[in-house]
Amino acid sequence: ENFFDAELVALLTELANNISYYLNTERKEKSRALAEANIVEAEQRYRALVSLSPDSIYIYQNGRLVYMNQAGAHLFGAAEPTDVLALPYQALFHPDDWPLIQRRIRNAENGLINPPVVLRCRRFDGSDFEMEILSATFDHFGESAIMVVARDVTQRMQRERLIKESANILEMAARDQPLSHIL
């Protein structure tokens, strides 16, 4: 004997399917919302990391600098990153380094890895400094860009030159060079 007629079974089956669909949709929506929240949270952490980094971070895209953190502005002696971004990037570097910079940009755009390099730069007050940079390509708002991480290495480079000069003096003294040749 059947306690339920076919019409009632069909109705209950449709109801069960609708409930299942709703629960599945609700689960997917919660999962999507959680994924979106995780993305927003990750972006916030990334922005905080970049903006608070003691290293200068720049983004080069389509022939110009499009982003710079506060440490980058400080490195160039500017009050705000927008002060530096308003300039053509070439104005920030010694003209003798422009060919090297162009080659590094081409390398990065062609997927090649650039080793760290030291570039000569100019601050807003006109003083010169040396900056070591590392760079990597990435997608920035759907377009290829180059992220540059830089730090002032002026004092380190001065120390290295002083050590090299001292070693040369000691070598000359060891070879009994006259004092006039050493100094």
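Before any of the text, the structure's been laid out above.
Peer 1: Can you tell me about the sheet that holds strand 3 (residues 117–122), naming the residues and giving the values?
Peer 2: Strand order in this open sheet of five strands is 2-1-5-4-3, and the pairing throughout is antiparallel. Here the strands that pair on one side only, and so sit at the sheet edges, are strand 2 (64–68) and strand 3. Between one strand axis and the next, the sheet turns by 40 degrees as a mean value, whatever way the strands run. Where strand 3 lies against strand 4 (residues 128–140), six bridges are found, and the strand directions are antiparallel. Each residue of the ladder has a partner; that of Arg122, found in strand 4, is Asp128. Each of strand 3, strand 4 and strand 5 (143–152) touches helix 5 (residues 154–174); the most contacted strand, strand 4, lies at about 125 degrees to it.

Peer 1: Tell me about the layout of surface pockets, and name the residues and values.
Peer 2: Reported here for the largest pocket is a volume of approximately 350 Å³. In terms of lining, the largest pocket is formed by Glu43, Tyr46, Arg47, Val50, Ser51, Ile59, Tyr67, Phe138, His140 and Phe141. For the lining of the largest pocket, the leading source of residues is helix 1 (residues 6–52), giving five residues. Residue composition of the lining of the largest pocket, by class: six nonpolar, two polar and two charged.

Conventions adopted
- Note on numbering: residues in each chain are counted from 1, in written sequence order.
- Restriction of local features to residues with pLDDT of at least 70 applies here, the model being predicted, together with a cutoff of 80 or more for giving and counting side-chain atom pairs; totals for whole chains, interfaces and linings are based on all residues.
- Side-chain descriptors were evaluated using all non-hydrogen atoms of the structure, hydrogens and water having been removed beforehand.
- DSSP-based pairing: two strands are paired if at least 2 bridges between them are found.
- Note on conventions: DSSP H or I runs of at least 4 residues are helices, E runs of at least 2 residues are strands, and numbering of each starts at the N terminus.
- Only the stretch in contact is used when fitting a helix axis, every axis being a line fitted to C-alpha atoms; angles between N-to-C directions are given from 0 to 180 degrees.
- Contacts between residues were defined by any pair of non-hydrogen atoms, one from each residue, lying within 4.5 Å.
- Lining residues are those with an atom within 4 Å of a point, where the points come from a 1 Å grid over the protein atoms alone and group into cavities, where a 1.4 Å probe fits but cannot get out, or pockets, open sets with protein on both sides within 12 Å along at least five of seven lines.
- Grid points are joined across faces, edges and corners, and a volume is the space filled by probe spheres set on the points.
- Think of it as three bins: nonpolar holds Ala, Val, Leu, Ile, Met, Phe, Trp, Tyr, Cys and Pro, charged holds Asp, Glu, Lys and Arg, and polar takes everything else, Gly as well.

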